[in-house]
Amino acid sequence: MTILRGLELLKAQFPTAPDSSSHHLFISAFMLASKVICNNMYLNKSWSIVAQGMFQLQEINQMEREMCQYLEWELNV
């Protein structure tokens, strides 16, 4: 539910975002939700593996930073 809430907030804030960014948004939201909820979190390097190589580590790091900025660092629901 945390992931969906984060995506809902982003959609409300950026209603004209292109559909091509859906993979970025989903992985970013899933990654942050996992880090907020779980004590044993994956490293960002592991998330590039989870994403089946769609994103390099640098992209994962950037996506995480951007998602935090878009959510204004309010990660608790």
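Residues numbered from 1 in each chain as written. Predicted model: local features only at pLDDT ≥ 70, side-chain atom pairs only at ≥ 80, totals over all residues. Heavy atoms only, no water.

So, on to the overall build of the protein. Of the regular secondary structure elements, the protein holds 4 helices and 0 strands. Overall, the protein shows an N-to-C arrangement of helices and strands of α-α-α-α. Here the protein holds 77 residues, and the buried ones make up 29% of them. Across the protein, every contact between residues at least 6 apart in sequence was considered, and the portion connecting residues at least 24 apart equals 58%. For the protein, the exposed area adds up to about 5,700 Å²; of that, 57% sits on carbon and sulfur atoms. (Helix = DSSP H or I, 4+ residues; strand = E, 2+ residues; numbered from the N terminus. Buried < 20%, exposed > 50% of the residue type's maximum accessible area, 1.4 Å probe, protein only. Contact = heavy atoms within 4.5 Å. Areas by Shrake-Rupley, 256 points an atom, 1.4 Å probe, with all protein chains shown as cover.)

Under the counting rule described, the total for this entry stands at 3 aromatic pairs. Taken together, a centroid distance of 5.5 Å and an interplanar angle of 80° make the contact between F30 and W47 edge-to-face. Here W47 lies in helix α3 (residues 44-50) and F30 lies in helix α2 (residues 22-37), a separation of 17 residues in the sequence. We classify F30 as partly exposed; its relative accessible area is 34%. With 5.4 Å between their ring centres and 80° between their planes, Y42 and W47 make a pair best called edge-to-face. For Y42, a relative accessible area of 47% corresponds to the partly exposed category. One aromatic cluster in this structure is built from F26, F30, Y42 and W47. (Phe/Tyr/Trp six-rings, centres within 6.5 Å; stacked < 30°, edge-to-face > 60°.)

The next point concerns helix α4 (residues 57-70). End to end, α4 covers 20 Å across 14 residues, agreeing with the expected 20 Å (1.5 Å per residue, within 8%). Of the positions making up α4, those classed as buried are I60, M63, E64, M67 and C68. Angularly, the buried residues of α4 cover 130° about the axis, an arc narrow enough to put them on a single face. Positive backbone phi, approximately 55°, marks E72, located one or two places after α4. (Expected span 1.5 Å × (residues − 1). Arc of directions from axis to C-beta.)

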